[in-house]
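A structural walkthrough
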Amino acid sequence: MNPSEWFSEVSDELWPGQCFSLKVKNVLHEERSKYQHIKIVQSESHGVVLILDGIIQCTERDEFAYQEMISFLPLCCHPNPQRVLIVGGGDGGVAREVAKHPSVTEVHQVEIDERVVELSKQFLPFMACGFDSPKLRLTIGDGFEYMKQHEGAFDVIITDSSDPIGPAESLFRESYFELVKRALKPNGIICSQGGSFWLDAGHVRETLDYCRKHFPRVTYGLAAVPSYPTGQIGFFNASLNPETKFSEPSRTFSDEEVDRMGLRYYTTDVHRAAFTLPRFAAKALNP
């Protein structure tokens, strides 16, 4: 096989000694924006793939698992999530899912790289359709500055970031959780991309500990996403309400409601199961 026909996700920093590869039909677009290298390819088995700085962000085949879980885990744990902020998520997938929730009336999104938004609209319309929601207000800018200007403004804040290197590194530090806390309303909830304990349980635990310094309720949930390293991705979930029980959602959906919203991964049962960790992971991540 000609190596040029394959894309291999190689990172000695994030997942040393292993990589995930996809056979590529053709490269749809490639450029370097002001912030990062952007590549979009048509793959043989996973449809259209968005790659930032050499790391797969989403594939057409399985993106819905990630988008639904990072959105509905926090939304369904809040009793009435009306005003939601998305930090990142330039492909539009999280906006697409958040707008589906019946209680949500406003979706505010701040994305630093406008080229990701523009290219997603062109090449990933199945995700970028999230930008078409009348609930959405999109701001191109810095998420840190945006939250500093909107203290006490949101019921739920979702951080859809890339991995903790490059532009997204600051989103995994203690100062970020302190800032997010100030942008929440009383009893607000956050959810952030949390990496995989299979790759670096120490880093996941460190980030959870940063979060625990600012929130009384913090936990880690799981989703299966085959195109991510190890096939699993986690989410940091935290609440300002000490009574929040993440494994028991405040809002549950019937099968008819799930189908009406077009959900393909998230259900109330999947929500509950997401917070049941393998024993070794629970021991590694919990205090």
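Just so you know, these numbers come straight off a predicted model, no measurement behind them. Here the residue numbering is sequential within each chain, running from 1 through the sequence in written order. Reporting of local features is limited, given that this is a predicted model, to residues whose pLDDT is at least 70; pairs of side-chain atoms are given and counted only at 80 or more, and all residues count toward the totals for whole chains, interfaces and linings. Think of the side-chain values as coming from all heavy atoms in the structure, minus any hydrogens and water.

**Re the overall build of the protein chain**
We count a stretch as a helix when DSSP gives it H or I for four or more residues in a row; a strand needs E for two or more, and each element gets its number in order from the N terminus. Broken down by element type, the protein chain carries 10 helices and 12 strands. For the protein chain, long-range pairs separated by at least 24 residues make up 67% of all intrachain contacts whose partners lie at least 6 apart in sequence. Only the protein chains shown count as cover for residues, with accessible areas throughout obtained via the Shrake-Rupley method and a probe of 1.4 Å. Surface summary for the protein chain: the accessible area is close to 12,300 Å², and the carbon and sulfur share equals 47%. The sign given to each residue is positive for Lys and Arg and negative for Asp and Glu; His and the chain ends receive no count. Charge coordinates come from a single atom per side chain, which is NZ of Lys, CZ of Arg, CG of Asp or CD of Glu. Treating the 29 positive side-chain charges of the protein chain as one cloud and the 39 negative ones as another, the clouds have centres 4 Å apart. Residue contacts are counted whenever heavy atoms from the two residues lie within 4.5 Å of one another.

**Considerations on the UniProt feature "active site" (unreviewed entry) in the protein chain**
UniProt positions are given in the numbering used here, feature names are shortened, and annotations may be inferred rather than shown by experiment. In this numbering, the UniProt entry assigns the feature "active site" (unreviewed entry) to Asp160. The topology assignment puts aspartate 160 in strand β9 (residues 154–160). In terms of polar contacts, aspartate 160 uses its side chain to reach the side chain of tyrosine 66, at 2.6 Å. N or O atoms closer than or at 3.5 Å make up a polar contact, with two conditions inside protein: a donor-capable atom paired with an acceptor-capable one, and, for residues adjacent in sequence, both atoms drawn from side chains.

**A closer look at the nonpolar core**
Judged by nonpolar contacts, the single largest core of 37 residues is most densely connected at Val98, Phe235 and Tyr266. Going through the elements one at a time, α1 (63–75), β6 (83–88), α2 (93–98), β9, β10 (184–193), β12 (232–239) and α8 (255–261) are the ones with two or more residues in this core. In terms of residue count, α1 provides more of this core than any other element does, seven residues in total. In this structure, valine 98 is in contact with Ser71, Leu75, Val84, Ile86, Val104, Val107 and Ile158, ignoring residues within four places of it in sequence. We call a set of buried residues a nonpolar core when its members are Ala, Val, Leu, Ile, Met, Phe, Trp, Tyr or Cys and they connect through side-chain atoms within 4.5 Å of each other. The buried label goes to any residue with under 20% of its type's maximum accessible area, the exposed label to any with over 50%, and the partly exposed label to all in between, with areas taken from a 1.4 Å probe on protein chains only. Counting residues in hydrophobic clusters, the runner-up holds 31 residues, among them Leu179, Ala183, Phe197 and Val218.

**Here's the deal with the sheet that holds strand β7 (residues 106–111)**
As summarised here, the arrangement of the seven strands in space is β8-β7-β6-β9-β10-β12-β11, forming an open sheet in which the pairing is mixed. At either margin of the open sheet sits one strand with a lone partner, and together these are β8 (136–140) and β11 (217–224). Averaged over all neighbouring strand pairs, the angle between strand axes comes to 15°, with direction disregarded. Note: β9 against β10, five bridges, orientation parallel. Each residue of the ladder has a partner; that of phenylalanine 154, found in β10, is leucine 184. Lines are fitted to the C-alpha atoms to define the axes, a helix being fitted only along its stretch in contact, and any angle between axes, read from their N-to-C directions, falls within 0 to 180 degrees. Relative to the sheet, α1 contacts β6, β9, β10, β11 and β12, its axis offset from that of β9 by approximately 155°. When DSSP finds at least two bridges between two strands, those strands are taken to pair.

**Describing the pattern of salt bridges**
Whenever Lys or Arg places a side-chain nitrogen within 4 Å of a carboxyl oxygen from Asp or Glu, that contact is recorded as a salt bridge. Inspection of every chain in the model, using the stated rule, returns 15 salt bridges. We note a salt bridge from lysine 100 to glutamate 97, for which the minimum N-O separation is 3.0 Å. Among the residues examined, glutamate 97 registers a relative accessible area of 1% and is labelled buried. A salt bridge links aspartate 155 to lysine 185; its shortest N-O distance comes to 4.0 Å. With aspartate 155 in strand β9 and lysine 185 in strand β10, the pair connects residues that are 30 residues apart, well separated along the chain. By relative accessible area, which is 7% here, aspartate 155 ends up buried. In the salt-bridge network here, residues are joined through shared partners; they are Glu63, Arg96, Glu97 and Lys100.

**Considering the sheet that holds strand β4 (residues 48–52)**
With antiparallel pairing, five strands are arranged side by side in an open sheet as β1-β2-β3-β4-β5. Whereas interior strands pair on both sides, the edge strands pair on one side only; in this sheet they are β1 (6–10) and β5 (55–59). For this sheet, the mean angle separating the axes of adjacent strands, direction not counted, is 50°. Sheet strands in contact with helix α3 (residues 114–123) are β2 (19–32), β3 (37–43) and β4, and its direction is about 105° off that of β2.

**Regarding the pairing of β12**
Of all eight residues that make up β12, seven are buried, and the element is covered over most of its length. Two elements, β10 and β12, share five bridges in a ladder whose sense is antiparallel. Pairing of serine 192 across the sheet is with phenylalanine 236, part of β12. Here eight bridges tie β11 to β12, and the two strands are oriented antiparallel to one another. Counted as the bridge partner of alanine 224 is glutamine 232 from β12.

**Points about unusual backbone geometry**
A positive phi angle, close to 50°, is found at aspartate 53, a residue other than glycine. If you trace the backbone, aspartate 53 turns up in the loop between β4 and β5. Phi is positive for asparagine 187, close to 65°, though the residue is something other than glycine. Inspection of the secondary structure puts asparagine 187 in strand β10.

**Concerning the environment of valine 117**
Along the chain, valine 117 turns up in helix α3. Here valine 117 falls in the buried class, since its relative accessible area comes to 4%. Separated by 17 residues in sequence, valine 117 and proline 134 have C-alpha atoms that sit 17 Å apart. If near-sequence neighbours (up to four positions away) are discounted, valine 117 is found in contact with Gly90, Glu111, Phe131, Leu138 and Ile140.

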